[in-house]
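Listed here are the chains, written in short residue letters.
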Amino acid sequence: MASGPEHNHEMDRGAQEALVRQLRQTFAGLPNQIPLFLFSQRGKDDVFVDASRQVIRAFRELTDKITLKEYHLNHELAAKWGVESSPTLLIDPDRYQIRWLGAPMGEEGRSFLEAMMLLGMGKSDLSDQSMKVIERLDGPRQIKIFVSPSCPYCPQQVVNGLKAAIERPDLISLEIIDIQCRPDLAEQYNAHSVPQAYANDMLIGQGAQQEEVFLSSLLKLEPQTIFIPESTDKVVETDVVIVGGGPAGLTAGIYTERSGLKTAVVERDALGGQVALTPVVENYPGFTTVGGKTLVDIMVNHALQYVQIFQGESVLDIRPGDPMEVMTTRRKFLTKTVLLATGASHKHLGVPGEQRFSGRGVSYCATCDGPLFKRRKVIMVGGGNSAVTEALYLQHMGADVTLVHRRDALRAQDVLANQLAANGIPVLWDTEVHAIEGEERVQRVILRNNKTGERTEMAVEGVFIAIGYAPAVDLAEKIGVAVNADGYIQHDGFHRTNVPGIYSAGDVEGGYKQIVTATGQGAAAAMTIFEDLINPYWKQHKEWRKAKAS
Ligand code: NAP
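Just so we're clear, the structure is a prediction, and the values are computed from it rather than from any experiment. Every chain is numbered independently, its residues counted from 1 as its sequence is written. Since the coordinates come from a predicted model, pLDDT governs what is reported: local features require at least 70, and pairs of side-chain atoms require 80 or more to be given and counted, while whole-chain, interface and lining totals use all residues. Only heavy atoms go into the side-chain values, all of them from the structure, while hydrogens and water stay out.

In this section: the overall build of the chain. The helix and strand labels rest on DSSP assignments: H or I over at least four residues marks a helix, E over at least two residues marks a strand, and numbering proceeds from the N terminus. A tally of regular secondary structure across the chain gives 16 helices and 27 strands. In this treatment the radius of gyration is a C-alpha quantity, and the globule benchmark scales as 2.2 Å times the residue count to the 0.38 power. For the chain, the C-alpha radius of gyration of 25 Å lies close to 24 Å, the compact-globule estimate for 550 residues. Considering only C-alpha atoms, the chain reaches an extent of 90 × 70 × 60 Å along its principal axes. In the chain, which comprises 550 residues, the share counted as buried stands at 54%. For this analysis, residues touch if any pair of their heavy atoms sits within 4.5 Å. By sequence separation, contacts in the chain at least 24 residues apart represent 66% of the contacts at least 6 residues apart. Carbon together with sulfur atoms contributes 49% to the accessible area of the chain, which is approximately 25200 Å² in total. Charged residues are defined narrowly, with Lys and Arg counted positive, Asp and Glu counted negative, and His plus the chain ends left uncounted. Each charge is placed at NZ for Lys, CZ for Arg, CG for Asp and CD for Glu. Distance between charge centres in the chain, computed from 56 positive and 67 negative side chains, equals 2 Å. For each residue, the accessible area found with a 1.4 Å probe, counting protein chains only, is set against the maximum for its type, and the residue is called buried under 20%, exposed over 50%, and partly exposed in between. Residue exposure ignores everything except the shown protein chains as possible cover, and the areas themselves are Shrake-Rupley values with a 1.4 Å probe.

Quick look at the structure:
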C-alpha cells in the first residue's frame, strides 16, 4: 500500500482534480455570461495587476462564460465608468456596480469565486429574512469593504456586499478594497483592521457580519450587532444540531452523520474558529507545518462530504421538548439532541483606549491585520502560544514587533520561545499595558513595569492582543446549562451537560484547548450522542423514577 508524502500528494492531486471537475460542471450549468474589465497602467502596482490576471486566467480555464477585456487607465471606458486607479477590476459594469481595487488573491479568491457564481446565476441568493430588510431600502448606498488577502473573515463580509449589490444594482454599488494595494484609502478611512465596511462613507461594520446583520446595518447606516427575524417559517428536522463549526463541531458532525444521525452544523461566523486565525500550526498530527486556514479548509471539505453546514446563521434560542426547538436567524430546527461546540472568544485587556481604538490600531487578529503594519512599530501583548506564534507572523509580515508580557517567563511552548529568541524579537518582561493613546488612531502605549513600578511611554502604531480566550457560554447559560467556577460548561466526563439531550465539546469545556483535543472531544461527544439516542438515558432515568415511585 502506498504511504508517506508521495501518497499524500497523490491524494491531494486526486482531491484537486475532483474539485476542478466539480467547478467546471457548476460553471457549465450557469445561465449567464460574466464579462470582466481590467483597467491598469504599466508601472503602477504591477504586482497586483499581474496577480489579477493570474486569478482571472485560472478561472477562465474552468469556464468560457468568463470573458476578460483589458484597457489602459487612459481609455475612454475608464472615464465612462469612473475608474481612477490601477488595477481596477469591474464586474459586468453594464448591469452591476461592483469593482475590485486590487487583486482578488489569497482568501479573496473565495469572494471572487462566489462573485462569479452569483453573477453566473444572475441572482443574489439572499435569505428570505435579508430580502425583507433590503426591500425597505429607499436611497442609494455606496458600499466600501476593506479586505486583505490573508484575512479569513473577509470573504464573508464581501459576499454580503456582493449579494446586496446584485439584488439592488439600481441603488447599491460595491468597492472591494485591498488594503495592501490601496493603503492610501485605508489611511483615509482609518481602516486599520479588516474587514471594515462603510456605506455612504459611514462605518457600518467592523469584522464579518451575518448577512442579515450586514443588511440591517446597510439600511440604518450604522453598525448593528443583532438581527431578530420577524418569523422563521422554515423548519428542518434533525437528530443532532451542532452549534459551532470549529474543529470540535466539524469532527462531531462527521461522526454523527457516519453513525446515521441526521445532523446540522450551525456556525455564526467563519468556520474553523480560532484555528482559522492561527498563522501556522505545527502540532496537529499528520501535518509537520500547515497554515491554520488551510487546515480548516481541509476539515471543512471533509465535513461537507457528510454533513450540512449552515454558515452565517446564529442560534438565538433552544427550547426544551421532544423534539427540542433550535431557533436560528433563518429557520427552526426540530431536533432530538444539541451539541454545544461554541468555543471561546478572545479576551480583552480592559485598559483605557482599547475599545476606542479597536480597528484603529488595536487588533485581535494578526493574520487579518498584519499586512497593514509593514515597517510599522507594533507591540504584541501576551506570553502564550498565540502571542508568540502571532509575533513571529507579524515579524514575517515586515512589522517591527516587540512582545510585552506581564511575567518574567513565557507560557508558550519551548519550541516557540526558541523561535522568538532566534528571530531577535525583543521582549519587555514584567510589563503591563496601562493605556492605549492617540488621536484618530493608536499612536502610543503607556507601559508599567510591575516589579519596579516604572512607567514608560512607547510610540507604536499597532497593539496586537493575544491574552487567551473566554468560553462562549451565553447560549448555554440562557438555557440552564451549568458552568463551572471558571465559566466552562460542566459535563459528566462523556460530554453530557446537566440538561437532558444537550451535550458539549471543545474549548467551551475548558481543558487543554488544542486542536487535537477539540477534535477528540467532538468525536467522543458524537459517540455518546449515538449511544444515548439508541438508549436514551433521560428516558431510562424517568422510567426508573416512575418505577421507584410506584
Ligand atoms: P493562554 O495560553 O491562556 O495564554 C495567555 C497569555 O496571556 C498568558 O501568557 C497570560 O499571562 C497572558 N495574559 C492573560 N491575561 C492577561 C492580561 N489581562 N494582561 C496581560 N497578559 C495577560 O492563551 P493563548 O496563547 O491564546 O492560547 C490558548 C490556547 O490555545 C492554549 O491552550 C494554547 O496552547 C493553544 N494554542 C496553541 C497554539 C500552538 O500550539 N501552535 C497556538 C495558539 C494557541 P500569564 O502567562 O502570566 O498567565
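Next up on the list: the packing of aromatic side chains. Aromatic rings from Phe, Tyr and Trp, taking only the six-membered ring of Trp, are treated as a pair when their centres fall within 6.5 Å; an angle between ring planes under 30 degrees marks them as stacked, one over 60 as edge-to-face, and anything in between as tilted. Enumeration over the complete set of coordinates arrives at twelve aromatic pairs. Ring centres of F39 and W81 lie 6.4 Å apart, and the angle between their planes is 80°; this geometry places the pair in the edge-to-face category. Of the two residues, F39 sits in strand β1 (residues 34–40) while W81 sits in the loop between α3 (76–80) and β3 (88–91), which places them 42 residues apart along the sequence. With respect to class, F39 is no different from W81; both count as buried.

Every axis corresponds to a line fitted to the C-alpha atoms, with the helix fit spanning only the stretch in contact, and the corresponding angles, defined between N-to-C directions, vary from 0 to 180 degrees. Orientation of helix α9 (residues 247–258) relative to helix α15 (residues 515–534), taken along the N-to-C sense of each, is 35°, at an axis distance of 7 Å. The two elements α9 and α15 meet at a crossing, and its hand is right-handed. Packed against α9, whose contacting residues are P247, A248, T251, A252, Y255 and T256, the element α15 presents I515, A518, T519, G522, A523, A526 and M527 at the interface. A class-by-class count of the residues in the contact of α9 with α15 yields nine nonpolar, four polar and no charged. Two helices crossing with the near one rotated counterclockwise from the far one by less than a right angle form a left-handed crossing, whereas a clockwise rotation gives a right-handed crossing. Ten residue types, Ala, Val, Leu, Ile, Met, Phe, Trp, Tyr, Cys and Pro, are classed as nonpolar, four, Asp, Glu, Lys and Arg, as charged, and the remainder, Gly among them, as polar.

Let us now look at the pairing of strand β2 (residues 66–72). Bridge analysis of β1 against β2 gives seven bridges, and the strand direction is parallel. Bridging from a neighbouring strand, P35 pairs with T67 of β2. With strands facing away from the observer, any crossover in which the path from the first strand over the helix to the second runs clockwise is taken as right-handed. Since β1 and β2 lie parallel, the crossover through helix α2 (residues 46–60) that links them has a hand, and here it is right-handed. Strands are treated as partners if at least two bridges between them are detected by DSSP.

Because each turn of an α-helix spans 3.6 residues, side chains separated by three or four positions end up pointing in the same direction. The complete set of buried residues in helix α13 (residues 414–422) reads L416, A417 and L420. Looking straight down α13, one finds that the buried residues subtend no more than 100° of arc, so they occupy a single side. Seen from the buried face of α13, the exposed residues on the opposite side, beyond 90 degrees, are D414, N418, A421 and A422. Looking at the packing, one finds that the buried side of α13 touches α12 (385–396), β20 (400–404) and β21 (427–428). Taken from the residues just after α13, G424 is the one with a positive phi, measuring 65°. What the arc covers is the set of directions going from the helix axis to the C-beta atoms.

Moving on: the sheet that holds strand β19 (residues 377–381). If you walk across this open sheet you meet the five strands as β18-β25-β19-β20-β21, and the pairing is parallel. Each edge of the sheet is formed by a strand with only one pairing partner; in this case those strands are β18 (362–363) and β21. Where β20 lies against β21, two bridges are found, and the strand directions are parallel. Bridging across to β21, V404 finds its partner in L428. Where α12 meets the sheet, it contacts β19, β20 and β25 (462–465), and its direction lies at approximately 165° from that of β19.

Bringing the side chain of H405 into the picture now. Secondary-structure assignment places H405 in the loop between β20 and α13. The buried category is assigned to H405, whose relative accessible area is 5%.

To continue, consider the site of the ligand. Here a residue counts as near a molecule or strand whenever at least one of its heavy atoms sits within 4 Å of it. N385, S386, R407, R411 and Q514 are the nearest of the 18 residues found near the ligand. R406 is positioned such that a nitrogen or oxygen atom in its side chain is 2.9 Å from an oxygen atom of the ligand. Computed on the free molecule, the ligand has an accessible area of 900 Å², of which 80% lies beneath the protein chains in the complex. Within the shell around the ligand, the residues separate by chemical class into five nonpolar, nine polar and four charged. Shared between two domains, the shell around the ligand holds at least three residues of each, these being domain 3 (235–344 + 478–549) and domain 4 (362–467). Between N or O atoms, a polar contact is any pair within 3.5 Å; within protein, one atom must be a potential hydrogen donor and the other a potential acceptor, and residues adjacent in sequence are included only when both atoms are from side chains. Throughout, the edges of the domains are those of an automatic or database domain assignment.

Note: strand β7 (residues 196–199) against strand β8 (residues 202–206), four bridges, orientation antiparallel. Within the sheet, the bridge partner assigned to Q196 lies in β8 and is Q206. Hairpin connection of β7 to β8: two residues between the antiparallel strands, including N200 at a positive phi of 50°.

Size of an interface: often given as the accessible area lost when the parts come together. In terms of domains, the chain is made up of domain 1 (1–29), domain 2 (31–220), domain 3 (235–344 + 478–549) and domain 4 (362–467). When each unit is reduced to the centre of its C-alpha atoms, the spacing between domain 2 and domain 3 is 34 Å. Contact residues are listed per partner, giving ten residues for domain 2 and 13 residues for domain 3. A carboxyl oxygen of Asp or Glu within 4 Å of a side-chain nitrogen of Lys or Arg is what we treat as a salt bridge. The interface formed by domain 2 and domain 3 holds four salt bridges in total. Across the pair D297 and R110 runs a salt bridge whose closest N-O atoms are separated by 2.5 Å. At the junction of domain 2 with domain 3, the criterion picks out four residue pairs in polar contact (both at pLDDT 80 or more). Residue classes in the side of domain 2 that touches domain 3 are distributed as two nonpolar, four polar and four charged.

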